[in-house]
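Close look at the chain arrangement
Letter by letter, the chains look like this.
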Amino acid sequence: MRWIHLLAAGALSLTLTACTTSPTGRQQLTLVSDAQLNQMGAQAFQQYQQDLPTVGGTTHRYVQCVADALVGALPAEQQRGQDWQIRVFESDQANAFALPGGYMGVNTGLLQVARDQDQLAAVIGHEIAHVLARHANERVSTQTATQLGLSVLSSASGMQGPGGQQMMGALGLGAQYGILLPFSRRHESEADVLGLELMADAGFDPRASLALWENMSAQGGGQPPAWMSSHPSHGQRVGGLQAQMDSALARYQQARQAGRTPNCPRP
């Protein structure tokens, strides 16, 4: 039993020494080095390009134009340390992503939902925000700490039999819905706020983020209850964006007055 207590104490010590602060001032658990995650992001990006065909020409130039305007609005210290690049993938799924290291992807299906440069900027800005806020590091770290905690609990309480396995399954389910998914919803809400600010700073109209979610809602499709979802509901997201809109519009006006007027023709 003594080694279990030592392991738990070591895990707690590691947790306490690995706390950082997100761009919104929220405390984060980050156990993995940024260099390691950036390398993993580069590998995953290469794999994406092997698995899915990429699209070039005017479509890629359009998406690249939006991404360049957003990255260009970042402070110099946030631009460094990331290999900012973007690809367009041939896929009907209305999706986009950004990986640690600044590797970004947009599916062609998303361009049917994000109907102009401002709506596309809302999506790409949101994905860039995930990178800047180190959400991937936090997700990996939270999962690692949760699995360690469950392993320690299992060993400490002797849950090796069928009944113990059933109990551990219930505990694992509780960890999933009580820790991991709420963290993901928090990430999405934080990325919504940071992405809204970024698109406004780049000179894209932040009101387009609301139009984007109207388009998303119009696509239909059932959603799980909010407590079982890794993303906030459409209504929650729209409400969060509306709460930040006055501030974002002020930033947008400042950006336009400073000459940030992106012009990315849609193909």
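The notes below deal with the structure included here.

**Examining the overall build of the protein chain**
Scanning the protein chain from N- to C-terminus turns up 9 helices and 6 strands. Within the span of the protein chain, comprising 267 residues, buried residues form 42% of the whole. Within the structure as shown, the protein chain displays about 13500 Å² of accessible surface, and the carbon and sulfur contribution to it stands at 53%.

**Details of the environment of His-126**
Tracing the backbone through its elements, the reader meets His-126 in helix 5 (residues 117-132). The exposure class assigned to His-126 is buried, which follows from its relative accessible area of 8%. The spatial distance from the C-alpha of His-126 to the C-alpha of Ala-96 is 9.6 Å, given a sequence separation of 30 residues. The residues touching His-126, leaving out its near neighbours within four places in the chain, are Glu-188, Ala-191, Asp-192, Gly-195 and Arg-237. At 3.1 Å, the side chain of His-126 forms a polar contact with the side chain of His-130. Within the structure, the side chain of His-126 is placed 2.8 Å from the side chain of Asp-192, a separation counted as a polar contact.

**Considering the state of the cysteines**
Taken as a whole and assessed by the stated rule, the structure comprises 1 disulfide. Shown here is the disulfide that connects Cys-65 with Cys-264, its sulfur atoms set 2.1 Å apart. Looking down the S-S bond of the Cys-65 and Cys-264 bridge, the torsion is -75°, so its handedness is left-handed. Within this pair, whereas Cys-65 is found in helix 3 (residues 57-72), its partner Cys-264 is found in the segment after helix 9 (234-257), the two being separated by 199 residues in sequence. Residue classification places Cys-65 among the partly exposed positions, given a relative accessible area of 26%.

**Quick notes on the sheet that holds strand 3 (residues 54-55)**
Spatial ordering of the open sheet is given by 3-4-6-5, a layout of 4 strands whose pairing is mixed. Each of the sheet's edge strands pairs with one partner strand only, and the pair in question is strand 3 and strand 5 (96-99). Looking at chain direction, strand 5 and strand 6 (residues 103-107) are connected through 4 bridges and run antiparallel. For Leu-99, the partnering residue across the bridge sits in strand 6 and is Tyr-103.

**A closer look at the layout of surface pockets**
Estimates place the volume of the second largest pocket at around 180 Å³. Looking at the second largest pocket, it is lined by 14 residues, and the ones nearest its centre are Leu-74, Gln-78, Leu-132, Leu-194 and Leu-198. Those elements giving two or more residues to the lining of the second largest pocket turn out to be helix 5 and helix 7 (162-201). At 5 residues, the largest contribution of residues to the lining of the second largest pocket is made by helix 7. In terms of residue class, the lining of the second largest pocket is made up of 8 nonpolar, 3 polar and 3 charged.

Rules used throughout
- Residues numbered from 1 in each chain as written.
- Predicted model: local features only at pLDDT ≥ 70, side-chain atom pairs only at ≥ 80, totals over all residues.
- Heavy atoms only, no water.
- Helix = DSSP H or I, 4+ residues; strand = E, 2+ residues; numbered from the N terminus.
- Buried < 20%, exposed > 50% of the residue type's maximum accessible area, 1.4 Å probe, protein only.
- Areas by Shrake-Rupley, 256 points an atom, 1.4 Å probe, with all protein chains shown as cover.
- Contact = heavy atoms within 4.5 Å.
- Polar contact = N/O pair within 3.5 Å; in protein donor to acceptor, adjacent residues only side chain to side chain.
- Disulfide = S-S within 2.5 Å.
- Pairing = 2+ DSSP bridges.
- 1 Å grid on protein atoms, 1.4 Å probe; cavity = no way out; pocket = protein on both sides within 12 Å on 5 of 7 lines; lining within 4 Å.
- Points joined across faces, edges and corners; volume = space filled by probe spheres on them.
- Nonpolar A, V, L, I, M, F, W, Y, C, P; charged D, E, K, R; others polar.

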